[in-house]
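Coordinate analysis (summary)
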Amino acid sequence: LMLGPKYTSRGDEIGRLGHTFNEMITHLQEHDRKQRQFVADASHELRTPLTVIESYTSMLQRWGGNDPAIRREALDAIHSETRRLKSLIESLLKLAEFEREEQAMMEEMALVPLVRETTEQMEQAFNRDIRLTVSGVSERQRLLADAKKIKQLLIIILDNAIKYSVKPIDVTLADVSGFAELKIADQGVGVAEEDLPHVFERFYRVDQTRNRETGGTGLGLAIARQIVDLHHGTIRFDSKAGQGSTVTILLPWKTQSEH
Ligand code: ADP
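Residues numbered from 1 in each chain as written. Predicted model: local features only at pLDDT ≥ 70, side-chain atom pairs only at ≥ 80, totals over all residues. Heavy atoms only, no water.

1. Notes on the environment of Lys167
Checked against the element boundaries, Lys167 lands in the loop between α5 (147-163) and β4 (169-176). Along the primary structure Lys167 and Tyr56 are separated by 111 residues, whereas in three dimensions their C-alpha atoms are 37 Å apart. (Helix = DSSP H or I, 4+ residues; strand = E, 2+ residues; numbered from the N terminus.)

Written out as structure tokens, the structure is:
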């Protein structure tokens, strides 16, 4: 049911109701459209590795099994595409989790120890130099947050910095007018200006060939943004191609009135 302009232009109660109703419908239609697009994109992303696996297995079945070189190539391809599928499915499950969960596991948590612990773990796991600077923030300053998700957020951003750069990575944590400001800066390949507006979109990858090698799914930053939204914060991605990227995250500190 859509109320026509005859009603909405009158400015009376029914007209206003009709207007609100139309806006609601538009909102729902938009949500529905995005959902369909997402399912279509996800299906496409899942089908690609499956097609590769299917063709290599049928090649092995038909004749490749006897040739060691072909066997090797097929097994490598099947293995890497299987890993890719696995990581895609894990990311998709994480996204779905956010859509379901209205309320996250919010608790008081100290930010500095979590940032320190995570950067140290990533540094060791990937054998890379990650420099952490904390300025004007005490060890005890707290967020009202889901600690597991904040950690996941850090891992996503650090993982990208590691994937797309080779030089040391700088992490700074500061206090900016009531917000925790977290900056993760790399001196890596960067992102071209025309690609910048899209980096938070699901499945968006700047360079398909480059990213197939680095094993990205294009879902990391979409998940990062959902985590930030859940905590009423903001996330920004600044970059210059060939010079590096900086991700800036603002998260509100816990205030006295919050429980
Ligand atoms: P992916 O899993 O492909 O890394 P993301 O959603 O995390 O997906 O990032 C989307 C795209 O943004 C990446 O494919 C990459 O092209 C670009 N990107 C993200 N972080 C960086 C970075 N630190 N340096 C350069 N490019 C980046």
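2. Here's the deal with the site of the ligand
Surrounding the ligand, one finds 22 residues, the nearest of these being Asn160, Lys163, Asp186, Thr217 and Leu221. One nitrogen or oxygen atom from the side chain of Tyr164 is found 3.0 Å from an oxygen atom belonging to the ligand. One of the backbone N or O atoms of Thr217 is found 2.8 Å from an oxygen atom in the ligand. For the ligand, the protein covers 97% of the area, taking 530 Å² as the surface of the free molecule. Listing elements by their share of the shell around the ligand, those giving two or more residues are α5, α6 (208-214) and α7 (220-230). Element by element, the count of residues in the shell around the ligand is highest for α5, at three residues. Class assignment of the residues belonging to the shell around the ligand gives a composition of 10 nonpolar, eight polar and four charged. (Near = heavy atom within 4 Å. Polar contact = N/O pair within 3.5 Å; in protein donor to acceptor, adjacent residues only side chain to side chain. Areas by Shrake-Rupley, 256 points an atom, 1.4 Å probe, with all protein chains shown as cover. Nonpolar A, V, L, I, M, F, W, Y, C, P; charged D, E, K, R; others polar.)

3. Comments concerning the packing of helix α4 (residues 111-126) against α5
Where α4 contacts α5, the axes come no closer than 10 Å and their chain directions differ by 40°. Between α4 and α5, the interaxial angle falls into the category oblique. The hand of the α4/α5 crossing is right-handed. Seen from α4, the contacting residues are Leu111, Leu114, Val115, Glu117, Thr118, Thr119, Gln121, Met122 and Phe126; seen from α5, they are Ala147, Ile150, Lys151, Leu154, Ile155, Leu158, Asp159 and Ile162. Grouping the constituent residues of the contact of α4 with α5 by class yields 11 nonpolar, three polar and three charged. (Axes fitted to C-alpha atoms, helices over the stretch in contact; angles between N-to-C directions. Parallel < 35°, antiparallel > 145°, perpendicular 65-115°, else oblique. Left-handed = near helix turned anticlockwise from the far one by under 90°. Contact = heavy atoms within 4.5 Å.)

4. With respect to the nonpolar core
Of all hydrophobic cores here, the largest spans 48 residues; its most connected members are Leu111, Ile157, Ile184 and Ile249. Looking at this core element by element, the count peaks at nine residues for α5. Apart from residues lying up to four places away in sequence, Leu111 is in contact with Gln141, Leu143, Ile150, Leu173, Ala180 and Trp253. (Core = buried A, V, L, I, M, F, W, Y, C linked by side-chain atoms within 4.5 Å. Buried < 20%, exposed > 50% of the residue type's maximum accessible area, 1.4 Å probe, protein only.)

5. So, the pairing of strand β7 (residues 244-252)
When strand β5 (residues 179-185) meets β7, the two strands line up antiparallel, connected through seven bridges. Bridging from a neighbouring strand, Phe179 pairs with Pro252 of β7. Direction of pairing for strand β6 (residues 234-240) relative to β7: antiparallel, over a ladder of seven bridges. Residue pairing in the sheet places Phe237 in a bridge with Val247 of β7. Between β6 and β7, which pair antiparallel in sequence order, lie three residues; one of them, Gly242, sits at a positive phi of approximately 80°. (Pairing = 2+ DSSP bridges.)

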